[in-house]
Amino acid sequence: MFAGKHVNVTAVRRKNEDIVYYEVPRTSKPWVQALKKIPFVRGVVGIVESSAKGSQHLNFSMEAYAEDEMDDMSEEEREKAKKKESGFSLSMIVSVAVAGVLSFIAGKLLFTAAPAAVEELLFGKMFQSQIGHNLLEGLIKFMMLLAYLYFISLTPIIRRLFQYHGAEHKVISAYEAGEELTVGNVQKYSRLHYRCGSSFIVFTVIVGVFVYSLPFFDWQTIWDRIWIRIALLPVVLGLSYEVLRFTNSLRDMPVLRYLGYPGLWLQLLTTKEPTDDQVAVSIASFNRMLELDNEIAKP
């Protein structure tokens, strides 16, 4: 999937080798656009919006896969699948954006509350200072995150998803370098990219340690500690987004560009080397996005 100035495009290769596209204009309600201009608020709004739209695009690819599977069914099996889908498809389409947002929130709550609880149970008596506990909590959170990404990357479907993630980065890097977008040219570039959202994940851990260590967020019990973390989650997300924007603005400066390296290192887990076929699909998606963007931009 690629996001342009005016349209988001996802490309999927069908079993018959045809490439189909899911094209969605980038439109938001005026009040959403207004919120996205406010520092520290725009990050939370953008994340929720991206989760909803990303789920819709992922759903499109899943439906294309399901249609290919139906082509291999017998007529009787196909009719049964269609009947089952007829009562389910509409509700799935209506709710997929909500489900994407809720799954994101649930994941953030889990990775916010669990590390605090684990640290409190294992090291609750080790330090008098809460700063030491916050640092340990951040370390536990980061280790849980790495373990989660590693183990899900071992499953075939997630590994394939991460390969396409790497293909997207290669295409963008080749385009930014002024290369002709051919499979051979694109494959020469790294699967890591400085502006990837993976950096945001790292910054939420780091920023969280600083925010939780502020003197007016002291806790007395483990439940106080967990609820403070949950209540401050929008603050941490908003600050992390601003830090990400700041580090992106420094990526061309010789020394300061290293601030973004933790995100690049995390991409060693969230991306995999793509195949030529996957790169070809990514190129098709990117070219289609450029084509539509240019058409919409014409007066």
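Only a predicted model underlies this, so the values are computations on that prediction, with no experimental measurement involved.

Conventions used here
Residues numbered from 1 in each chain as written. Predicted model: local features only at pLDDT ≥ 70, side-chain atom pairs only at ≥ 80, totals over all residues. Heavy atoms only, no water. Patch = residues over 30% accessible without salt bridge, like charges linked within 9 Å, V, L, I, M, F, W, Y side chains within 5 Å. Areas by Shrake-Rupley, 256 points an atom, 1.4 Å probe, with all protein chains shown as cover. Salt bridge = Lys/Arg side-chain N within 4 Å of Asp/Glu carboxyl O. Helix = DSSP H or I, 4+ residues; strand = E, 2+ residues; numbered from the N terminus. Buried < 20%, exposed > 50% of the residue type's maximum accessible area, 1.4 Å probe, protein only. Axes fitted to C-alpha atoms, helices over the stretch in contact; angles between N-to-C directions. Parallel < 35°, antiparallel > 145°, perpendicular 65-115°, else oblique. Left-handed = near helix turned anticlockwise from the far one by under 90°. Contact = heavy atoms within 4.5 Å. Pairing = 2+ DSSP bridges. Phe/Tyr/Trp six-rings, centres within 6.5 Å; stacked < 30°, edge-to-face > 60°.

Caption draft 1: Focus on a nonpolar patch on the surface. Among the surface-exposed residues, Leu 58, Met 62 and Leu 161 lie close enough to one another that they form a single nonpolar patch of about 290 Å² accessible area. With respect to the secondary-structure elements, Met 62 resides in helix α2 (residues 42-71). When its relative accessible area of 51% is taken as the criterion, Met 62 is described as exposed.

Caption draft 2: Representation of the packing of helix α8 (residues 198-212) against helix α10 (residues 233-249) in the model. In the contact formed by α8 and α10, the axes pass within 8 Å of each other and the chain directions differ by 120°. When the interaxial angle is binned, α8 and α10 end up oblique. As α8 runs across α10, the sense of the crossing is right-handed. Of the residues in α10, those in contact with Ser 199, Phe 200, Phe 203, Thr 204, Val 207, Gly 208, Val 211 and Tyr 212 of α8 are Val 236, Leu 237, Leu 239, Ser 240, Tyr 241, Val 243, Leu 244 and Thr 247.

Caption draft 3: The sheet that holds strand β2 (residues 7-13), seen in detail. Taken in spatial order, the three strands of this open sheet run β1-β2-β3, and their pairing is antiparallel. Edge positions in the sheet fall to β1 (2-3) and β3 (19-25), since each has one partner strand and no second. Examined bridge by bridge, β2 and β3 share seven bridges and lie antiparallel to one another. Residue Ala 11 lies in a different strand from β3, and its bridge partner there is Tyr 21.

Caption draft 4: Fine view of the packing of aromatic side chains. Under the defined criterion, the tally for this structure stands at seven aromatic pairs. Ring plane angle 75° and centroid distance 5.1 Å describe the contact between Phe 2 and Phe 286, whose orientation is recorded as edge-to-face. On the criterion of sequence distance, the pair formed by Phe 2 in strand β1 and Phe 286 in helix α12 (residues 276-297) is long-range, its members being 284 residues apart. Overall, the relative accessible area of 4% leaves Phe 2 in the buried class. On the basis of relative accessible area, Phe 286 is assigned to the buried category, the value being 6%. Both rings, one in Tyr 22 and one in Phe 60, keep their centres 5.0 Å apart while their planes meet at 15°; by these two values the pair is stacked.

Remember that the coordinates give geometry; whether it matters functionally is a separate question.
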